[in-house]
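Report on the structure
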Amino acid sequence: MAEDRQDDTKRPYRVLSLDGGGTRGIYTAAFLDRLLDQHARRTGRGPLDLGLGFDLIVGTSTGAIVGCAAAVGVPMVQVVRLYREHGRAIFPHRITGRASVLHRAFAGRRYVREGDKALRQALTEVLGTTTMIDVYRDRGISLSIPAVRMSNHKAWVFKKTPRSGVRDDNYPLVDVCLATSAAPIYRSLAEIDEPNGSGVKQVFADGGLWANNPIMVGLTDALTVAAPDQPIEIFSLGTCPRPEGEHVTGDAAHRSMMEWRFGADVAPLGIAAQEFAYDNMARLLANAMSQCGRQVRRVRFPNREVPAGMMPFLGLDDARDEAMDRLVAQAHTDADLTRSNCDDPRNGEGAMIRALLDDLPDAAGQAHPSPAYAAN
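First things first, this report covers the structure right here in the doc. What you see is a predicted model; the values in this text were computed from it and never measured.

The rules behind each value
- Residues numbered from 1 in each chain as written.
- Predicted model: local features only at pLDDT ≥ 70, side-chain atom pairs only at ≥ 80, totals over all residues.
- Heavy atoms only, no water.
- Buried < 20%, exposed > 50% of the residue type's maximum accessible area, 1.4 Å probe, protein only.
- Helix = DSSP H or I, 4+ residues; strand = E, 2+ residues; numbered from the N terminus.
- Contact = heavy atoms within 4.5 Å.
- Right-handed = clockwise from strand over helix to strand, strands pointing away.
- Pairing = 2+ DSSP bridges.
- Core = buried A, V, L, I, M, F, W, Y, C linked by side-chain atoms within 4.5 Å.
- Phe/Tyr/Trp six-rings, centres within 6.5 Å; stacked < 30°, edge-to-face > 60°.
- Lys NZ or Arg CZ within 6 Å of the ring centre and 35° of its normal.

Regarding helix α3 (residues 62-71)
Burial analysis of α3 places ten of its ten residues in the buried class, which makes it a mostly covered element. Every buried residue belonging to α3 is among Thr-62, Gly-63, Ala-64, Ile-65, Val-66, Gly-67, Cys-68, Ala-69, Ala-70 and Ala-71, and all of these are buried. Following α3 by one or two positions, Gly-73 adopts a phi angle in the positive range, close to 90°.

In structure tokens:
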């Protein structure tokens with residue numbers, strides 16, 4: 001199947017890029033679930049297979065969990081359920097004010113150990129024993145998952161593409177997801193077995209330390225793998241980013257460990273900065289390459305500011321039922337807006353998303369011709 005898709009250069013080479021963001025991954029899954037369900041019902045089709053719409057899926061941290069689930073054909077509604085049912089066990093202690101920071105300083109090791117066990121169990125329920133090569137061989141989908149290897153503190157990408165070789169073929173997706181989501185402070189480092197019979201263990205930290213928005217990873221691999229004359233389309237999805245920014249004056253500029261909540265406030269800052277920087281780098285590079293004759297298009301969604309009322313529910317470790325409910329509701333609102341863009345013939349990004357949805361096969365693996373849209 002992988003070879004068949006690689007030879008089909010008339011269709012765009014499509015990339016799905018999914019950001020990290022802790023428990024905000026429920027937003028990503030709910031957005032995709034809503035968008036696919038709306039399209040299936042409006043066109044009179046059954047459930048759609050999201051993963052088979054893409055040649056390459058890149059995801060960091062929680063984005064890798066959603067992306068790997070799509071790669072193996074797990075419905076997004078099941079991924080939403082994973083966050084709802086296991087979120088509190090994965091993040092058993094939410095870092096809020098200074099008191100929680102001090103408590104975490106003394107009891108944190110117990111919480112991250114419990115969370116590590118809970119995450120492995122939740123991932124195993126969804127991904128089973130599937131490996132990187134299984135996805136590529138059986139579903140024709142390439143994967144690129146950023147992490148950091150602790151033995152040399154260097155960026156690492158778990159990768160299976162037509163050009164990647166065999167190094168990562170036998171890594172189970174569960175281990176890959178544990179590695180890319182091992183966020184310092186919030187979770188344990190991931191100690192996983194090298195899968196080639198060496199008996200050696202490697203330790204990894206969260207890929208969000210360098211590629212929380214992995215769009216540049218996806219663009220690089222797409223340029224490496226796609227045929228020279230094949231158009232590239234990248235669909236990039238965030239995790240309901242916080243309405244960031246702060247007015248800093250006077251003594252507030254002299255913050256130290258306590259004011260940064262022992263580092264807990266650094267992660268959201270890094271996520272926001274990377275999201276903006278990498279998306280704009282990808283946009284400028286795609287435009288430059290298109291001017292040189294290589295067609296590269298990208299769409300980033302959601303593409304509007306998050307309401308300020310969402311701020312209390314956007315912590316990376318906030319697994320409260322209320323936070324889950326608000327994230328899902330916001331995801332549905334944003335998906336409905338995206339759906340409206342698909343119906344606007346003047347909206348180029350909407351047309352790009354609509355073409356993707358039309359090309360998705362159903363969950364049984366049988367593709368349908370692109371249908372005419374039903375009336376509202």
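Quick word on the environment of Arg-326
The topology assignment puts Arg-326 in helix α11 (residues 321-342). Residue Arg-326 is classed as partly exposed on the basis of its relative accessible area, which comes to 33%. Between the C-alpha atoms of Arg-326 and Pro-312, which are 14 residues apart in sequence, the distance is 9.9 Å. Apart from the residues lying within four places of it in its own chain, the contact partners of Arg-326 are Gly-309, Met-310 and Phe-313.

Some remarks on the pairing of strand β2 (residues 56-59)
Successive side chains on a regular strand alternate, one facing one side of the sheet and the next facing the other. With burial as the criterion, each face of β2 is covered, one bearing Leu-56 and Val-58 and the other bearing Ile-57 and Gly-59. Once you follow strand β1 (residues 13-18) into helix α2 (residues 25-42) and on to β2, the crossover reads as right-handed. Of the pairings in the sheet, the one linking β2 to strand β3 (residues 142-149) comprises three bridges and is parallel in character. Bridge pairing in β3 links Val-58 to Ser-144.

Observations concerning the nonpolar core
Core analysis: the biggest nonpolar cluster contains 79 residues, and Phe-31, Met-76, Phe-158 and Phe-235 have the highest contact counts within it. Counting residues per element, this core draws most heavily on α2, which supplies nine residues. What Phe-31 contacts, discounting residues up to four positions off in sequence, is Leu-237, Phe-301, Ala-331, Asp-334, Ala-335 and Thr-338. If you look at the next biggest cluster of nonpolar residues, it comprises 18 residues, including Val-58, Val-157, Ala-286 and Val-296.

A few points about the packing of aromatic side chains
Taken as a whole and judged by the stated rule, the model has seven aromatic pairs. Plain terms: the ring middles of Trp-156 and Phe-158 are 5.9 Å apart, the flat faces sit at 65° to each other, and that makes the pair edge-to-face. On the basis of relative accessibility, which here comes to 12%, the residue Trp-156 falls in the buried class. An aromatic cluster of three or more residues is present, and its members are Trp-156, Phe-158, Tyr-171 and Phe-204. Seen from the ring of Trp-156, Arg-167 lies directly overhead, with NZ or CZ sitting 3.8 Å from the centre.

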